[in-house]
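Chain by chain, the residues:
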Amino acid sequence: MAPRKNFRNQAKKEVKPAAVVNKNGVKAEATVAASGGGFSGTKIFTWFMVLALLGVWSSVAVVWFDLVDYDNVIAERAKEFRFNFSEVLQGKLSAYDADGDGDFDVEDAKVLLGLKERPVSVLLREAKEESAVKEPDAVPPPDDDVDGSQNTDVESEIQAAVPLPPISDDFIPDDSRDEATHPYEDENNAIDTKGELVEKAQPQQTVEESKQYNDQPGSLETKETEAESVPEPEADVEPEVESVPELKENAEDQPKDKLQEKPKKKKPKLLNKFEKTIKMEIDAAEKLRKKGKVEEAVRAFETLVLQYPQSPRCRYGKALAEDGLAEKMLSNDMLQKAIGTYKEASELPNATPDLIKATLKKRAERQQFLGRMRGALATLEKLVQIFPEDVALKNDLGVAHLLIGDNKGAKRIYEEVLATAPSDGFAKVHYGFILKSENKIAESIPFLRDGLESGHPGTDDGRFYFHLGDALQRMGDDSAYKWYERGHLRGHFASVWQRSLYNVDGLKAQPWWTPKDTGYMDLVKTLERNWRIIRDEAQSVMDKTTGLFVPEEENLREKGEWGQFTLWQQGKKAGEACRSVPKTCGLLERYPEATGCKRGQIKFSVMQPGTHVWPHTGPTNCRLRMHLGLVIPKTGCKIRCTNDTRAWEEGKVLIFDDSFEHEVWQDADSYRLIFIVDVWHPELTQYQRQTLSSI
């Protein structure tokens, strides 16, 4: 379309205005041929285009007292609209009617220029029109399963909980909790020592946390992996199909149609009888949500809820839209509102069973995300009461018990599941984990192994490979390394030796380090120059009456006595511990690579004769561990990391990466005393050190 000034120049050259009275008695402009007063079709068309497209613009040329250049508006909209001369004569400029009032005026201009939001009624109308457009060969769904194109989308939300991206520090959970009391954390949340959700480090890759067990047999921890964005399926995606079961007979013996037959998953029925009559309106609002227009989707569903307050599907759609808006806004309040709306939808009369299940599952998932574990437990208990035959829901309930540290409750749930579904792999691996946490090592092995071999959803997880291998090692079974290898090949471990689960990709990985390798030469020199001061302070508080040295509680010992006195934990001072050893703490104050290491500790470690520590790995590759020898017997004390065994020396620092398998023996005649200082891996950036979650 030519610029407006060109239209005006052309009009001045070719026509002279003449007053004409039309049949309604209204004066209008008419074009007269410059050459003799005749009218040509081309000039009539040109003049009416000028009237329609320029005269209207001049009548609304001011918006909020500012002149507006409507040329750009016209040019953009013209790309989407093909003019028909008869429609122009009839005033049909609906392509420019942005506010739905039937004409083009200043309010339409505001919408087109982004100065005003498009009304919900228009959005719904456009979405409905778009939903009504079908492929030529499209076949509508059968009457008894009417949920249209949205079936596939909501089915995916029921079948698998897709984790949201990490929420920033706006998202605060209700209750404070730490990994000792709540070790089976939600896979989306890193928790600092105050119980606040904190944003994951996203240095060179997006980092997300998923449930993982650490090397403590009785606790579950999280693993950092590169987060992949999991988009929701488009509205017209084909329904998922289950894999074809193994055919017992030879392929040649099977009928051709049987070989091609693939059982389809049953679509959830989310619409009740009445809601089928308003399906187009629900689909139109759902279309907005699927396109990411969550604010508009919330308004659209709010309108539907006002119109149809007894519709569970409208209320569920509103909850999903609020959930999406909470993610976009990083808002606890909005997410809590969605949780409440999920509850409302599930309690409305005439809600279909599938909708009740979908709604309460989403509610429990979002409660867990906010750290409201007991609320999620109550929601899942309600689900199991409504659907007592659903094994998957019982499995989820077992996990909810683990999330609040109730291993006994989880054990009872999984025993019930295995009584009715003895081959359920998910229940087996979790039951095996619980047995191992109870130190029932031999009993845990068959459950962990059978569960992993089942290949059932939720079993291919690094924590289960970790604990099966660990249990086998403790039983003296070398097949442990077969499972470690399998876990490595599945992408759960960096290598057979390096089996940490809180990892940042790309960090230099080697079992033993020199001070020069680390770049922390100043810290090492300070420790070695002052080792006697550190030793004397440690010995002064070693008396058992002080109660400062406590037994190792991670169940890593096969036998013997191993005590520890912690000064810093997760980058913070451990209570008043430094009051007892002020000189030692004073030496470390100026080394933030150690005192600020949120994924490590600073502590004294004393080990008595006859002690053996099982082979194990630390939880993260984000730290290195320094051992300063304080009191070292001449023989009998050694440490192995991978296949390299070394001994401590008094006044010297040993540095190793404890994410690699290591093992300790104390077979001397007297105690061994060392000072342990964890430091950040030297290749972590300052941003990563500040934003990585604590361990």
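Where an unreviewed UniProt entry is consulted, the protein appears under the name Aspartyl/asparaginyl beta-hydroxylase isoform X3, with the organism given as Salmo salar. Regarding the protein, the relevant UniProt record gives this comment under Sequence similarities (unreviewed entry): "Belongs to the aspartyl/asparaginyl beta-hydroxylase family."

Asker: Teacher, can you tell me more about the overall build of the protein here?
Answerer: Along its length, the protein carries 26 helices and 21 strands. Going through the 695 residues of the protein one by one, you find that 50% of them count as buried. The contacts in the protein between residues at least 6 apart in sequence include a share of 67% that link residues at least 24 apart. Surface exposure of the protein reaches about 33,700 Å², of which carbon and sulfur atoms provide 50%.

Asker: Looking at this structure, how should I read the sheet that holds strand E15 (residues 611–616)?
Answerer: Note on sheets: strands pair through backbone hydrogen bonds, and any given pair is parallel or antiparallel. Strand order in the open sheet formed by five strands is E11-E15-E20-E17-E18, with antiparallel pairing between adjacent strands. Both edges of this open sheet fall to strand E11 (557–559) and strand E18 (644–646), since each of them pairs with a single strand only. Adjacent strand axes in the sheet meet at a mean angle of 20°, parallel and antiparallel pairs treated alike. Bridge count for E11 against E15 is two bridges, and the pairing is antiparallel. Residue pairing in the sheet places Arg557 in a bridge with Val613 of E15.

Asker: Looking at this model, I keep getting lost on the nonpolar core. Mind explaining?
Answerer: A general feature of soluble globular proteins is that nonpolar side chains tend to end up buried together. Counting residues in hydrophobic clusters, the biggest one holds 54 residues, and the most contacted among them are Tyr316, Tyr414, Leu452 and Leu468. Excluding residues that lie within four positions of it along the chain, Leu468 makes contacts with Ile445, Leu448, Arg449, Leu452 and Trp483. Of all hydrophobic cores here, the second largest spans 42 residues; its members include Trp513, Cys578, Val606 and Trp680.

The rules behind the values
- Residues numbered from 1 in each chain as written.
- Predicted model: local features only at pLDDT ≥ 70, side-chain atom pairs only at ≥ 80, totals over all residues.
- Heavy atoms only, no water.
- UniProt positions renumbered as here; feature names shortened; annotations may be inferred.
- Helix = DSSP H or I, 4+ residues; strand = E, 2+ residues; numbered from the N terminus.
- Buried < 20%, exposed > 50% of the residue type's maximum accessible area, 1.4 Å probe, protein only.
- Contact = heavy atoms within 4.5 Å.
- Areas by Shrake-Rupley, 256 points an atom, 1.4 Å probe, with all protein chains shown as cover.
- Pairing = 2+ DSSP bridges.
- Axes fitted to C-alpha atoms, helices over the stretch in contact; angles between N-to-C directions.
- Core = buried A, V, L, I, M, F, W, Y, C linked by side-chain atoms within 4.5 Å.

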